[in-house]
Structure formats: C-alpha cells, structure tokens
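Listed below are the residues making up each chain.
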Amino acid sequence: MTRVLLFSGLILLASAAPGWSQDIKKPLTVDDAKKLKNPISYNRKSIKQGHGVFVRYCTSCHGNDGKATVDVVADASDLTAPKTWKNGTTEGEIFRSIREGQGASMPAFKGQIPQEEDMWHLVNFIMSLWPEDIRPPLHEDK
C-alpha cells in the first residue's frame, strides 16, 4: 500500500510541474509552447550538459559553433542569431522546435532525446550561443 501511495504521489507531482512533464505523444502547440518556462536553471552546469546533447544530436546540421555553416542542410537555423529565427525564441518555443521539429528541414527529436530534462539543458545551451546582450542572466550553479 505504501508503494502504491508513493508511486501515485510521484505521478501527481510530476504532472503538476509546469513545462516539466509534457505528454510526449500529444503534440505541443505553438500557444502551449509560448507558456512553457524552462524548469532547469540557466547556469554553467546546465549549459555544459546541454552542450553534450548538442554535440550528439545537432552538430551535423548546425555545426560545432551553431552557425549552420555545414553544407548538409541549407536552411538550418543559425543558432547564434535568434533575431533571424522564424519559429520563436522563448524557452518554450525553442523546446517545441527541438521536440516537435520544424517541417522537413528539422526533424522531431522527441524520439531520439528520451529525457525532457536533456531537451531543457539543450535549450539553455542554445541560449548561451546568443549575443551576450540578449542572453538571459546566468544563475549560480547549485
């Protein structure tokens, strides 16, 4: 009985955390994405973890520096120039682009990156590539 209650409590807690535990099977709408806030603090530790995810899944199209100068995909976004992006620059919109993809040029990564936490670390890494004057303030590592 204790295990059932503990498990039920964990499920309830996970479903109550906004932006943390989205239903992977249900597509994330643009409007819902705009409301999402990154549950992972924007700090050096998260950026480092996000860099690892980036190296594994993103460099083939966006390049090692995020500038999309790789010849494989001609229309990959330059991640260092968010003012040129077509699909939004909020934390939730970036998360949605990663999770759901963006048309034929950007595949959905919800199947390849199984942990949403890793997608949120990737969001933080991508934001760290932005020009310094528009990056979010860096928080202390915890």
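Residues numbered from 1 in each chain as written. Predicted model: local features only at pLDDT ≥ 70, side-chain atom pairs only at ≥ 80, totals over all residues. Heavy atoms only, no water.

Notes on the overall build of the chain
The cut-off we apply is this: Under the DSSP-based scheme used, a helix requires at least four consecutive residues in state H or I and a strand at least two consecutive residues in state E, with every element numbered from the N terminus. Burial status follows relative accessibility: with a 1.4 Å probe on protein chains alone, a residue under 20% of its type maximum counts as buried, one over 50% as exposed, and anything between as partly exposed. The criterion used for residue contact is that any of the two residues' heavy atoms lie within 4.5 Å.
Looking only at helices and strands, one finds 6 helices and 0 strands in the chain. Reading the helices (α) and strands (β) of the chain from amino to carboxyl end gives α-α-α-α-α-α. Split into buried and exposed, the 142 residues of the chain put 36% on the buried side. Taking contacts inside the chain between residues at least 6 apart in sequence as the whole, the part at least 24 apart equals 61%.

Comments concerning the nonpolar core
Selection rule: What is meant by a nonpolar core is a set of buried Ala, Val, Leu, Ile, Met, Phe, Trp, Tyr and Cys residues, joined one to another through side-chain atoms within 4.5 Å.
Core analysis: the biggest nonpolar cluster contains 26 residues, and I94, F95, I98, I113, L122, V123 and I126 have the highest contact counts within it. Of all the secondary-structure elements, those providing two or more residues to this core are α3 (44–57), α5 (91–100) and α6 (116–128). The dominant element in this core, judged by the number of residues it contributes, is α6, at 7 residues. Those residues within four positions of I126 in sequence are excluded, and the remaining contacts are L79, W85, I94 and I98.

Examining the pattern of salt bridges
The cut-off we apply is this: Whenever a carboxyl oxygen of Asp or Glu lies within 4 Å of a side-chain nitrogen of Lys or Arg, that contact is scored as a salt bridge.
Applying the stated criterion across every chain, the model contains 3 salt bridges. Salt-bridge contacts for E116 lead to R99; the nearest nitrogen and oxygen are separated by 3.8 Å. Taken together, the positions of E116 in helix α6 and R99 in helix α5 put the pair 17 residues apart, joining distant regions of the chain. In this structure R99 comes out as buried when scored by relative accessible area, which is 0%. Measuring nitrogen to oxygen at the nearest pair gives 3.0 Å for the salt bridge that ties E100 to K110. Placement of the pair is E100 in helix α5 and K110 in the loop between α5 and α6, with a sequence separation of 10 residues. The network of salt bridges with common partners includes R99, E100, K110 and E116.

Section: the packing of aromatic side chains
We count it as follows: Two rings from Phe, Tyr or Trp (for Trp, the six-membered ring) form a pair when their centres are within 6.5 Å of each other. A pair whose planes differ by under 30 degrees is stacked, one over 60 is edge-to-face, and the rest are tilted.
One pass over the structure, following the stated rule, counts 4 aromatic pairs. Ring geometry for Y57 against F109: centres 6.2 Å apart, planes inclined by 75°, an arrangement best described as edge-to-face. One end of the pair, Y57, is in helix α3; the other, F109, is in the loop between α5 and α6, with 52 residues separating them in the sequence. Ring centres of W85 and W130 lie 5.8 Å apart, and the angle between their planes is 70°; on these two criteria the pair is classed as edge-to-face. Here W85, found in the loop between α4 (59–62) and α5, pairs with W130, found in the segment after α6; they are 45 residues apart in sequence, far enough to count as distant. Looking at W130, the relative accessible area reads 6%, which means it is buried.

Details of the environment of F125
One can find F125 in helix α6. Take F125: its relative accessible area is 7%, and that puts it in the buried class. A C-alpha to C-alpha distance of 5.0 Å links F125 and G50, two positions 75 residues apart in sequence. Not counting chain neighbours up to four residues away, the residues in contact with F125 comprise I47, G50, H51 and F54.

With respect to the layout of surface pockets
Going by this rule: A cavity here means a set of 1 Å grid points, computed over protein atoms only, where a 1.4 Å probe fits but cannot escape. A pocket is an open set with protein on both sides within 12 Å along at least 5 of 7 lines, and lining residues have an atom within 4 Å of a point. Grid points are joined across faces, edges and corners, and a volume is the space filled by probe spheres set on the points.
In this structure, the largest pocket spans a volume of roughly 510 Å³. Lining the largest pocket are 25 residues, and of these H62, S77, N87, Q102 and M106 lie nearest its centre. Going through the elements one at a time, α5 and α6 are the ones with two or more residues in the lining of the largest pocket. Counting residues per element, the lining of the largest pocket draws most heavily on α5, which supplies 4 residues.

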